[in-house]
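Below, each chain spelled out in residue letters.
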Amino acid sequence: MDHLLPEAARIRRGVLRFNRRLRQERGDGSLSPNQLSVLGHLHRHGSATPGEVAAAERQRPQSLTRVFAELEAEGLVVREPGTVDRRQSVLSLTAAGRRALERDMAERDAWLAEALAPLSPTERGVLKLAADLMERLADAQEP
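Residues numbered from 1 in each chain as written. Predicted model: local features only at pLDDT ≥ 70, side-chain atom pairs only at ≥ 80, totals over all residues. Heavy atoms only, no water.

A. Molecular detail of the pairing of strand 2 (residues 89-93). In terms of residue burial, strand 2 counts as a mostly covered element, since four of its five residues are buried. Inspection of the sheet shows strand 1 (residues 77-81) paired to strand 2 by five bridges, in the antiparallel sense. Counted as the bridge partner of Val77 is Leu93 from strand 2. (Buried < 20%, exposed > 50% of the residue type's maximum accessible area, 1.4 Å probe, protein only. Helix = DSSP H or I, 4+ residues; strand = E, 2+ residues; numbered from the N terminus. Pairing = 2+ DSSP bridges.)

Set out below in structure tokens:
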């Protein structure tokens, strides 16, 4: 494993710099990173309890309580009693939440499309493959 540390460090640096740049390409009044994380999870996986969202995003439910409340107050999510356990709430993405998420993603996608334009088809293919691999790594279970 030690022989992979230099590669891991280089990949980490590249991913962090790229992520920072993507965050900079968001317009004023954009959603916060935590808000994006919650909306993105609900968009990808459907309705979920606050605990399920927090676990999937590797956060504590208490640290997202304010984010859930903000999203609910802005009409981007709705909170309803669970069907199995009515004491537990379930969060669902609203149409306004989906539009807000799509708007936020579109801003960054436009920047990225422009940044990708000068790259060769092979370079874009490598990045597409890297994106697939990073998704797999992000979804990997802890050993």
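On we go from here.
B. Local environment of the packing of aromatic side chains. Tallied over the entire structure, the rule returns one aromatic pair. Aromatic side chains Phe18 and Trp111 sit 6.4 Å apart centroid to centroid with 40° between the ring planes, which places their arrangement in the tilted category. With Phe18 in helix 1 (residues 5-24) and Trp111 in helix 5 (residues 95-116), this residue pair connects regions lying 93 residues apart in the sequence. In this structure Phe18 comes out as partly exposed when scored by relative accessible area, which is 38%. (Phe/Tyr/Trp six-rings, centres within 6.5 Å; stacked < 30°, edge-to-face > 60°.)

C. Expanded view of the side chain of Ser89. Positionally, Ser89 belongs in strand 2. Given a relative accessible area of 17%, Ser89 falls into the buried group. Look past the residues within four positions of Ser89 in its chain and what remains in contact with it is Thr49, Pro50, Arg79, Glu80, Pro81 and Gly82. (Contact = heavy atoms within 4.5 Å.)

D. Up close: the packing of helix 2 (residues 33-45) against helix 5. Where helix 2 contacts helix 5, the axes come no closer than 10 Å and their chain directions differ by 110°. If you check the angle between helix 2 and helix 5, you find them roughly perpendicular. For the crossing formed where helix 2 meets helix 5, the hand is left-handed. Residue-level inspection shows Leu36, Leu39, Gly40 and His43 of helix 2 in contact with helix 5, the latter providing Gly97, Arg98, Leu101, Asp104 and Arg108. Residues belonging to the contact of helix 2 with helix 5 are distributed by class as follows: three nonpolar, three polar and three charged. (Axes fitted to C-alpha atoms, helices over the stretch in contact; angles between N-to-C directions. Parallel < 35°, antiparallel > 145°, perpendicular 65-115°, else oblique. Left-handed = near helix turned anticlockwise from the far one by under 90°. Nonpolar A, V, L, I, M, F, W, Y, C, P; charged D, E, K, R; others polar.)

E. Structural view of the packing of helix 1 against helix 5. Two numbers describe how helix 1 lies on helix 5: the axes approach to 9 Å, and their chain directions differ by 120°. Comparing their axes, helix 5 and helix 1 come out oblique. Like other packed secondary-structure pairs, helix 1 and helix 5 cross with a definite hand, here right-handed. In contact with Phe18, Arg21 and Leu22 of helix 1, helix 5 contributes Arg108, Trp111 and Leu112.

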